[in-house]
Amino acid sequence: MGDAEIIPIGTRGRPGRGTGKQPSSAARSLANGGKPAPAERRAAAQRPEPGPGSTDETAEPATAEPTVVPERAPVTTRDRAPLHGIPTSDWLAAFQHAAREVFGEQWEPQLARFLAFLRRRVTGDYAVDEYGFDQEIAQRFFMAALRPIAEKWFRIEVRGAENIPTDGGALVVSNHSGTVPVDGLMTMVSIHDHTGRFLRPLGADLVFRLPVVSTMARKGGATLACNEDAERMLRGGELVGVWPEGFKGIGKPYSERYKLQRFGRGGFVSAALRTGVPIVPLSVVGAEEIFPLVGNVPSLARLIGVPYIPITPLFPLLGPLGLVPLPSKWLLEFGEPIRTDEFEAGAADDPMLVFNVTDQVRETIQQTLYSLLMKRQSVFR
C-alpha cells in the first residue's frame, strides 16, 4: 500500500481530471470506444501529410517564430548608389568646390538667383520692349561676356563719364573704326559700368539681315538706324548711340587711321534737335589697331553682299587665329554735351543749321582724337 498510486475519489474512470495532466491521445481514443476524439479527428484532418523520409508521422508542425524586422539606419549620401563608380558625396563635394570657384563663397545665393532666372525664362515672366530689348539678358549675359574683354584685353580707360546725363534722353556720337565694329560693343559695356545706363545703338541694315546677329542685336538694345526709331527712343528718355561714319569709318585703310570720314547727312542732329536732347561727343583711341586693314577684295565683297572683305597682316594668312583682335590699349573720352534745347522750334528743318551742328560735333571728336594720340606713349601700353 505504501507505493500504490492513490486515485482521488471522483476521478476514477476519468483519467486526466484533477491530476493537472492532460490525457494522452491513446487514452482519449479508448474513452471513445477505440475511435479518435472529435478534436483529434479535426487536428488529423488539418495536419499535413508527412514527407518522404519522415520518421515521426504523429509529430505536429512546429510553431513558426515571429519575424523580427530590424530597424533600418538612415540613408546617407555616401550610402546611395554611386554614379560612374564615384560616391554621391564626392560628386556633391566637387560641385560645391566648383560653385565656390565660379561664384565665390556666396555661391548659394548666386545659384538661387540663377535658378530664379531660369524659372522666369521658362514661365515667360520677363519684359521685352517694343524694339526687342531684353534688359535681363543684356545685363546677365552680354555685359558679363564683354566686361572681361574690356577690362583685361583692351584695358579700357574711360574719361569724362560725368558728361553723360544720369537720366533722360541723350545722343552719344562716336567715331567708328577697327575693321570689325568692336568699338560699339566696348562703348556699351563701358557706359553701363560707369553710369548704370544701357546704351541703345542705332545699327546698319546689314546687322539686321544676318540671322543670328539680328536677334542678339535686338535683345542687346540695338535698333535700325532711322530717324523715326531714334526720335522715339530719345523722347522715351533712352541713351542712344550713333556712329555717323558707318562702314566708311570701320573699312578705311590703316594709313588713314583716326581721320574722320564724312558724317552722312546729319540725320542724328535732326533727331536731337526735334527732341531737344543733348549730344555727347565720344572719341575712341585704340580701336584702329585691333585689325589693321591693309587690303580689300571688292569683287568678292559685292558677290556676297558685304561692304568689304578685309585683309590684315594676320587674316586670312593665319586663318581663324587671324580673327583674334590685337590687345591694343583703349582710351574713351566723353566730351561736354552740346545742348540742342536752346534752338527755336523748327530748327531741324533748317539744312544750314543742321550742317553747322554736325560739323561742330565732328570737329570736337577729331580734335579730341588728336589730343589723345599725342598723349599716348604706346599702342599696347
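Nothing here was measured: the structure is a model prediction, and the numbers come from that model. (Residues numbered from 1 in each chain as written. Predicted model: local features only at pLDDT ≥ 70, side-chain atom pairs only at ≥ 80, totals over all residues. Heavy atoms only, no water.)

1. Re empty space enclosed by the protein
Logical step 1: With the rule as written, the count across this model stands at one cavity of 30 Å³ or more.
Logical step 2: Quantified by volume, the largest cavity comes out at close to 40 Å³.
Logical step 3: Contributing to the lining of the largest cavity are Gly178, Thr179, Gly249, Ile250, Lys252, Pro253, Tyr254, Glu288, Phe291, Pro292 and Leu293. (1 Å grid on protein atoms, 1.4 Å probe; cavity = no way out; pocket = protein on both sides within 12 Å on 5 of 7 lines; lining within 4 Å. Points joined across faces, edges and corners; volume = space filled by probe spheres on them.)

2. Brief notes about the layout of surface pockets
Logical step 1: Reported here for the largest pocket is a volume of approximately 1600 Å³.
Logical step 2: Surrounding the largest pocket, 50 residues form its lining, His176, Pro181, Gly203, Ala204 and Val207 being those nearest its centre.
Logical step 3: Mapped by element, the contributors of at least two residues to the lining of the largest pocket are helix H5 (135–153), helix H6 (182–195), strand E3 (199–203), helix H7 (211–220), helix H8 (227–235), helix H9 (247–250) and helix H10 (267–275).
Logical step 4: With five residues, H5 is the largest single contributor of residues to the lining of the largest pocket.
Logical step 5: Residues that form the lining of the largest pocket fall into these classes: 35 nonpolar, eleven polar and four charged. (Helix = DSSP H or I, 4+ residues; strand = E, 2+ residues; numbered from the N terminus. Nonpolar A, V, L, I, M, F, W, Y, C, P; charged D, E, K, R; others polar.)

3. Let's talk about the nonpolar core
Logical step 1: Leu171, Val173, Phe268, Ile279 and Val361 are the most contacted members of the largest nonpolar core, which has 31 residues in total.
Logical step 2: Of all the secondary structure elements, the ones that give two or more residues to this core are strand E2 (170–174), H8, strand E5 (239–242), H10, strand E6 (279–285) and helix H12 (351–375).
Logical step 3: Take this core: its biggest share by element is seven residues, from H12.
Logical step 4: Not counting chain neighbours up to four residues away, the residues in contact with Val173 comprise Val242, Pro244, Phe263, Phe268, Ile279, Val280, Pro281, Leu282, Val361 and Ile365.
Logical step 5: Counting residues in each nonpolar core, the second largest holds 30 residues, with Phe133, Val158, Leu239 and Trp243 among its members. (Core = buried A, V, L, I, M, F, W, Y, C linked by side-chain atoms within 4.5 Å. Buried < 20%, exposed > 50% of the residue type's maximum accessible area, 1.4 Å probe, protein only. Contact = heavy atoms within 4.5 Å.)

4. Let's talk about a nonpolar patch on the surface
Logical step 1: Residues Ile149, Trp153, Leu314, Leu317, Leu318, Leu321 and Val324 make up a contiguous nonpolar surface patch of roughly 640 Å² in combined accessible area.
Logical step 2: Examined against the element boundaries, Ile149 turns out to sit in helix H5. (Patch = residues over 30% accessible without salt bridge, like charges linked within 9 Å, V, L, I, M, F, W, Y side chains within 5 Å. Areas by Shrake-Rupley, 256 points an atom, 1.4 Å probe, with all protein chains shown as cover. Salt bridge = Lys/Arg side-chain N within 4 Å of Asp/Glu carboxyl O.)

5. Some words on the sheet that holds E5
Logical step 1: Ordered by their spatial adjacency, seven strands build an open sheet running E1-E9-E6-E2-E5-E3-E4, and the pairing between neighbours is mixed. Because the sheet does not close on itself, it has two edges, and the strands there are strand E1 (157–159) and strand E4 (223–224).
Logical step 2: The strands touched by H10 are E2, E5 and E6; relative to E2, the strand with the most contacts, the crossing angle is about 160°. (Pairing = 2+ DSSP bridges. Axes fitted to C-alpha atoms, helices over the stretch in contact; angles between N-to-C directions.)

6. Brief notes about the side chain of Gln366
Logical step 1: Looking at where Gln366 falls in the secondary structure, it is placed in helix H12.
Logical step 2: Here Gln366 falls in the buried class, since its relative accessible area comes to 7%.
Logical step 3: Reaching out from Gln366, the side chain makes a polar contact with the backbone oxygen of Tyr258 at a distance of 3.0 Å.
Logical step 4: Contacts of Gln366, omitting those with residues within four sequence positions, involve Tyr258, Lys259 and Leu260. (Polar contact = N/O pair within 3.5 Å; in protein donor to acceptor, adjacent residues only side chain to side chain.)

7. Focus: the packing of H5 against H6
Relative placement of two packed helices is described by the angle separating their axes and the distance separating the axes.
Logical step 1: Between H5 and H6, the least distance of the axes is 9 Å, while the angle of their chain directions is 100°. Between H5 and H6, the angle falls in the class roughly perpendicular. Packed against H5, whose contacting residues are Gln139, Met143, Leu146, Arg147, Ile149, Ala150 and Glu151, the element H6 presents Leu185, Met186, Met188, Val189, His192 and Asp193 at the interface.
Logical step 2: A per-class count over the contact of H5 with H6 returns eight nonpolar, two polar and three charged. (Parallel < 35°, antiparallel > 145°, perpendicular 65-115°, else oblique.)

8. What to know about H7
Logical step 1: Listed in full, the buried residues belonging to H7 are Ser214, Ala217 and Gly220. Buried residues of H7 fall within an arc of 135° about the axis and therefore sit on the same side. Away from its buried face by more than 90 degrees, H7 exposes Pro211 and Val212.
Logical step 2: For H7, the secondary structure elements touched by its buried residues are H5 and H6.
Logical step 3: Immediately beyond the C-terminal end of H7, within one or two residues, lies Gly221, with a positive phi of roughly 115°. (Arc of directions from axis to C-beta.)

9. Some remarks on the side chain of Lys252
Logical step 1: Of note, Lys252 is situated in the loop between H9 and H10.
Logical step 2: Judged by its relative accessible area of 6%, Lys252 falls in the buried class.
Logical step 3: Within the local environment of Lys252, its side chain forms a polar contact with the backbone oxygen of His176, the two atoms lying 3.4 Å apart.

10. What to know about the pattern of salt bridges
Logical step 1: Per the counting criterion, the structure on display carries 19 salt bridges.
Logical step 2: Glu136 serves as the salt-bridge partner of Arg140, at 3.8 Å between the closest nitrogen and oxygen. Of this pair, Arg140 and Glu136 both sit in helix H5, four residues apart, which is roughly one turn of that helix.
Logical step 3: What makes Glu136 buried here is its relative accessible area of 18%.
Logical step 4: In this structure, the salt-bridge partner of Arg274 is Glu231, at a minimum N-O distance of 3.4 Å. Pair noted here: Arg274 is in helix H10 and Glu231 is in helix H8, with a separation of 43 residues, a long-range link.
Logical step 5: Residue Arg274 is classed as partly exposed on the basis of its relative accessible area, which comes to 39%.
Logical step 6: Judged by relative accessible area, Glu231 falls into the buried class, the value being 12%.
Logical step 7: What you see here is one network of salt bridges that share partners, running through Arg120, Arg121, Asp134, Glu136 and Arg140.

From the geometry alone we can't say anything about function, so treat these as descriptive.
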